[in-house]
Amino acid sequence: MRDVAIVSFAQSNAAREDRNEVEILLPVVKAAVASSQLERSEIGFTCSGSSDFLQGQPFAFVMALDGVGAWPPIKESHVEMDGAWALYEAWVKIQTGEVDSALVYAFGKTSSGDLAEVQALQLDPYCVTQLWPDADSVAGIQARLYMERAGRSERDLAEVAARSLRDAQSNPHAVAKGDRDAEKLLAEPYRTSPLRDHDCPANSDGATAIVVMAGERAKTLCERPVWIRGFDHRIDPPALGARDLTRAPSAEIAAARAGVGDDKVDLAELSAPYTHQELILREALGLADDVRINPSGGTLCAHTMMSCGLNRIGDAAQRIAAGEGDRAVAHASQGHCLQQNMVCVLEGE
Amino acid sequence: MSDLPNALKSIVTPVRLEYDHSAGAAATGFLRGLTQKKILGARTGPGEPVLVPPRGADPRTSELAAELVEVSDKGTVVTYSIVRVPSDNIPFELPYVCATVLLDGANLGFFHVLQNCALDEVRIGMRVQAHWAPDDQLTENVSSIRYFEPIDEPDVPFEQIEEYA
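Residues numbered from 1 in each chain as written. Chains lettered and ligands numbered in written order. Predicted model: local features only at pLDDT ≥ 70, side-chain atom pairs only at ≥ 80, totals over all residues. Heavy atoms only, no water.

Another point: the overall build of chain A. Helix and strand content of chain A: 12 helices and 12 strands. The C-alpha extent of chain A, read off along each of the three principal axes, is 55 × 45 × 40 Å. Going through the 349 residues of chain A one by one, you find that 62% of them count as buried. Put simply, chain A shows about 13,000 Å² of open surface, and 51% of that area lies on carbon and sulfur atoms. Positive and negative side-chain charges in chain A, numbering 33 and 51 respectively, have mean positions lying 2 Å apart. (Helix = DSSP H or I, 4+ residues; strand = E, 2+ residues; numbered from the N terminus. Buried < 20%, exposed > 50% of the residue type's maximum accessible area, 1.4 Å probe, protein only. Areas by Shrake-Rupley, 256 points an atom, 1.4 Å probe, with all protein chains shown as cover. Lys, Arg positive; Asp, Glu negative; His and termini not counted. Charge placed at Lys NZ, Arg CZ, Asp CG, Glu CD.)

Cis geometry marks the peptide bond from Trp71(A) to Pro72(A), where omega comes out at -5 degrees. Residue placement: Pro72(A) occurs in the loop between helix H2 (60-64) and strand E3 (76-79). With an omega of -15 degrees, the peptide bond running from Leu94(B) to Pro95(B) counts as cis. Tracing the backbone shows Pro95(B) in the loop between strand E5 (74-83) and strand E6 (96-103). A positive phi is found at Lys37(B), a non-glycine position, where the angle reads about 55 degrees. Within the secondary structure, Lys37(B) sits in the loop between helix H1 (24-34) and strand E1 (39-43). The phi dihedral of Ser62(B) falls on the positive side, at around 55 degrees, and the residue is not glycine. Structurally, the position occupied by Ser62(B) is in the loop between strand E2 (57-58) and strand E3 (63-64). Under the relative-accessibility criterion, Ser62(B) is labelled buried at 7%.

Residue and element names in this part refer to chain A. Spatially, the 10 strands line up as an open sheet ordered E3-E2-E4-E7-E1-E8-E12-E11-E9-E10, and their pairing is mixed. Edge positions in the open sheet fall to E3 and strand E10 (292-293), since each of these has one partner strand only. Here strand E8 (residues 226-235) runs beside strand E12 (residues 340-348); their pairing, made up of nine bridges, is antiparallel. Residue His 233 lies in a different strand from E12, and its bridge partner there is Met 342. Here helix H9 (residues 249-258) sits on the sheet in contact with E8 and E12, set at roughly 150 degrees to E8. (Pairing = 2+ DSSP bridges. Contact = heavy atoms within 4.5 Å. Axes fitted to C-alpha atoms, helices over the stretch in contact; angles between N-to-C directions.)

Now for the domain arrangement of chain A. Residues and elements named next belong to chain A. Assigned domains within chain A: domain 1 (4-114 + 203-221), domain 2 (115-199) and domain 3 (226-348). Each of domain 1 and domain 2 has a C-alpha centre, and these two points are 28 Å apart. Between domain 1 and domain 2, the residue contacts involve 12 residues of the former and seven residues of the latter. Between domain 1 and domain 2 lies a buried interface of about 840 Å² when both sides are counted; carbon and sulfur atoms form 63% of it. The largest share of the area that domain 1 buries against domain 2 comes from Gln 11, Phe 53 and Asp 114, three residues that together contribute 53% of it. Here domain 1 and domain 2 share zero salt bridges between them. Across the domain 1-domain 2 interface, the total number found is five residue pairs in polar contact (both at pLDDT 80 or more). (Domains from an automatic or database assignment. Buried area = accessible area lost by both parts, 1.4 Å probe. Salt bridge = Lys/Arg side-chain N within 4 Å of Asp/Glu carboxyl O. Polar contact = N/O pair within 3.5 Å; in protein donor to acceptor, adjacent residues only side chain to side chain.)

Residues and elements named next belong to chain A. Among the 11 residues that make up strand E1 (residues 4-14), 10 are buried, leaving the element largely enclosed by the rest of the structure. Two strands pair when backbone bridges link them, and E1 and strand E7 (residues 205-214) are joined in this way by 10 bridges, in the antiparallel orientation. Looking across to E7, one finds that Asn 13 is bridged to Gly 206. Where E1 meets E8, three bridges bridge the pair, whose relative direction is antiparallel. When the bridges of E8 are listed, Ala 5 appears paired with Trp 227.

All right, on to the interface of chain B and chain A then. Each side of the interface is counted separately: chain B has 24 residues, and chain A has 33 residues. A combined buried area of about 2,100 Å² lies between chain B and chain A, and 52% of that area is made up of carbon and sulfur atoms. Counting the surface chain B buries against chain A, the share from its top three residues, Tyr19(B), Arg55(B) and Ser62(B), is 28%. Across the contact surface, chain B and chain A share two salt bridges. One salt bridge in this structure joins Asp20(B) and Arg16(A), with 3.6 Å as the shortest N-O distance.

Let's shift gears to the environment of Tyr190(A). With respect to the secondary-structure elements, Tyr190(A) resides in strand E5 (residues 190-192). When sequence neighbours within four positions are dropped, the list of residues in contact with Tyr190(A) reads Glu154(A), Leu195(A) and Arg196(A).

We now examine empty space enclosed by the protein. Residues and elements named next belong to chain A. Inspection of the entire model under this criterion finds three cavities of 30 Å³ or more. As for the largest cavity, its lining consists of 19 residues, of which Gln 119, Pro 273, His 303, Ser 333 and Gly 335 are closest to the centre. Elements that contribute at least two residues to the lining of the largest cavity include exactly helix H5 (135-150) and strand E11 (327-334). Counting residues per element, the lining of the largest cavity draws most heavily on H5, which supplies three residues. Within the lining of the largest cavity, the residues separate by chemical class into 10 nonpolar, eight polar and one charged. In terms of domain composition, the lining of the largest cavity takes at least three residues from each of domain 2 (115-199) and domain 3 (226-348). (1 Å grid on protein atoms, 1.4 Å probe; cavity = no way out; pocket = protein on both sides within 12 Å on 5 of 7 lines; lining within 4 Å. Points joined across faces, edges and corners; volume = space filled by probe spheres on them. Nonpolar A, V, L, I, M, F, W, Y, C, P; charged D, E, K, R; others polar.)

Residues and elements named next belong to chain A. Between the first and last C-alpha of helix H6 (residues 154-168) there are 21 Å, a value that for 15 residues agrees with the 21 Å anticipated at 1.5 Å per step. Within H6 the residues assigned to the buried category are Leu 157, Ala 158, Val 160, Ala 161, Ala 162, Ser 164, Leu 165 and Ala 168. If you follow the buried residues of H6, they end up packed against H5, helix H7 (182-186), strand E6 (195-196), helix H10 (275-285) and helix H11 (298-301). (Expected span 1.5 Å × (residues − 1).)

Okay, the nonpolar core next. A general tendency of soluble globular proteins is for nonpolar side chains to be buried together. All names here are of chain A. In terms of nonpolar packing, the biggest core is built from 37 residues, with Ile 313 and Leu 346 touching the most fellow members. Taken domain by domain, the makeup of this core includes at least three residues from each of domain 1 (4-114 + 203-221) and domain 3 (226-348). Excluding anything up to four places from it in sequence, Ile 313 contacts Ile 6, Ala 84, Leu 87, Ile 210, Ala 330, Cys 344 and Leu 346. In terms of nonpolar packing, the next biggest core, distinct from the first, is built from 33 residues, Met 147, Ala 248, Ala 255 and Tyr 274 among them. (Core = buried A, V, L, I, M, F, W, Y, C linked by side-chain atoms within 4.5 Å.)

Shown next, in the form of structure tokens:
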């Protein structure tokens, strides 16, 4: 395997953006390329993740290319997935030896539509979507089942929210933040019981860009390269009745394949849009109690769909680069109820 | 082909999603300009190419093109095609001419339709001008320019527009 390092990372998140995709993306890509110390022309591959369903405007990802340095023509690819999967494609491309470096970016404008409703389109169009099960309702079904199986309470969920909101206070890119204890949160009304507003993601608009470089060259580009030591993604069946919603088998396998348990984990960034999903993921990834979870506030506090998973990888890498730990786990998910999961193990030089 | 007896061939599944759209800075500038009979392009800075319609960035440099610049509603045909394919979306009688017009002051061809022009007279280098909708029908829509039509000005030699053809 070739060693691949994350050498730069930039992001922006806002509750509502009136700029178009190019206008949102351009400064973020620029910042990531500038801090990678690479010339744009030196970057061998460009890969992105986005979904036009979010803003209801077709081919936004093609127009976005105007803002990412696509002239002279570049080697480029796109996934209709969170940008974390674009990073995986770039990592595989680098493994083949075809390129040594890549720019990976993602963007999403969730505020244009009703995101929870848009997500209903991910379900079976013949027998399920017709009932318009919005994402919050489906997550509520999963949360209740999980609490029953794991013996967890609404307080456990509120504790996740309270900690995330508190941590988000020191993250300028979080859109939900605050110092509210679980007691206060539990006094709020339900949204889709047992979930309250604080259990559901703070949707946001934004973009993320990461530059990765293989081998020795990475060491010349940044003070402390953060190496991708394990990377795997798996998928569970889409039918909600076809799997145990209280577990995330695909996350368990991805974590094992990525080698999460091979050494001590200092911190983890988990892309759990809903509070109970963080608890499911901690179990699936086998994270010890002393692992620092979502010091950024996580996807709960800035759910820029399509880039929030890539943000988890970037946020984790940034903390390792800054010396806050030596080994981190980053996770991305897609689909209802953690249907698809990616796990990335990162280690500092 | 399937020989499944009584196969269900279609189902009705209405989908309705509402979007609170935002056009972004570049398109907002361009579309609002149309309501005042102005064609606005954008550039990354003085002396840089003027892009019409603007989409936010100069695709050759990927620099933010945020400076709005008014260009002329007169221009030169850099290429065209005669359309004989009907479409419910198009209010013109067949056949008609669609063209790329290099507006005076712009550095990017602008796509639109030509009218009041005999099919055998349309040519590369021909000078044309926008025909605007009546003032009370100007909206944030590119059809506020109803069409382009020939004007009485000498043709522009191909060499002068070759770069944009």
